[in-house]
Amino acid sequence: MFWRKKVPANPNVLDVGGGVYNVRVRTLRHGDEVALRFTKSAHIGVAEEGKGYVLRKPVVSTEHFDRGEIAVFFDANYRITSTEAEGVEFIPVSEWSKD
């Protein structure tokens, strides 16, 4: 139906368009929020298995220097298939405040 809002392919990653993606995470240790931006052309590489692509990005919060890492997996057509996080948790796009 034309009046329905488009649901993102993955609730944790916002596809801004033009190969640009936004992610927000919260550190598990102190709850610091960190916003990340990455692009298809500069940050995404071929997955180890050779099928699809992956982004692996370290995360460091500015307030407490908490550390973590995220991984976003894509298929061969750059559609997001899954996300993983270590030391942080993803904040779903639906919970982002309007800046």
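All figures in this text were calculated on a predicted structure; none of them were measured in a lab.

About the criteria used
Residues numbered from 1 in each chain as written. Predicted model: local features only at pLDDT ≥ 70, side-chain atom pairs only at ≥ 80, totals over all residues. Heavy atoms only, no water. Buried < 20%, exposed > 50% of the residue type's maximum accessible area, 1.4 Å probe, protein only. Helix = DSSP H or I, 4+ residues; strand = E, 2+ residues; numbered from the N terminus. Pairing = 2+ DSSP bridges. Core = buried A, V, L, I, M, F, W, Y, C linked by side-chain atoms within 4.5 Å. Contact = heavy atoms within 4.5 Å. Phe/Tyr/Trp six-rings, centres within 6.5 Å; stacked < 30°, edge-to-face > 60°.

Visitor: Give a description of the pairing of strand 2 (residues 20-27) that names residues and reports values.
Guide: Most of strand 2 is tucked away, with 6 of its 8 residues classed as buried. Pairing between strand 1 (residues 13-17) and strand 2: 4 bridges, direction antiparallel. Each residue of the ladder has a partner; that of Asp-15, found in strand 2, is Tyr-21. With antiparallel pairing between neighbouring strands as the criterion, strand 1 and strand 2 make up a hairpin whose turn holds 2 residues, including Gly-18 at a positive phi of roughly 70°. Where strand 2 and strand 3 (residues 33-39) come together, 7 bridges link them in antiparallel fashion. Within strand 3, the residue paired with Tyr-21 across the bridge is Phe-38.

Visitor: Requested: an account of the nonpolar core, with residues and values cited.
Guide: Val-23, Val-25, Phe-38 and Ile-70 are the most contacted members of the largest nonpolar core, which totals 16 residues. Elements with a contribution of two residues or more to this core: strand 2, strand 3, strand 5 (53-60), strand 6 (67-74) and strand 8 (88-90). Val-23 has contacts with Asn-12, Val-13, Val-34, Ala-35, Leu-36, Phe-38, Ile-70, Phe-90 and Trp-96, leaving out every residue within four places of it along the chain.

Visitor: Describe the packing of aromatic side chains, and please don't skip the residues or the numbers.
Guide: The final tally for this structure, using the stated rule, is 4 aromatic pairs. Where Tyr-21 meets Phe-38, the ring centres are 5.3 Å apart and the plane angle is 20°; that geometry is what we call stacked. Taken as a pair, Tyr-21 in strand 2 and Phe-38 in strand 3 lie far apart in primary sequence, 17 residues in all. The buried category is assigned to Tyr-21, whose relative accessible area is 5%.

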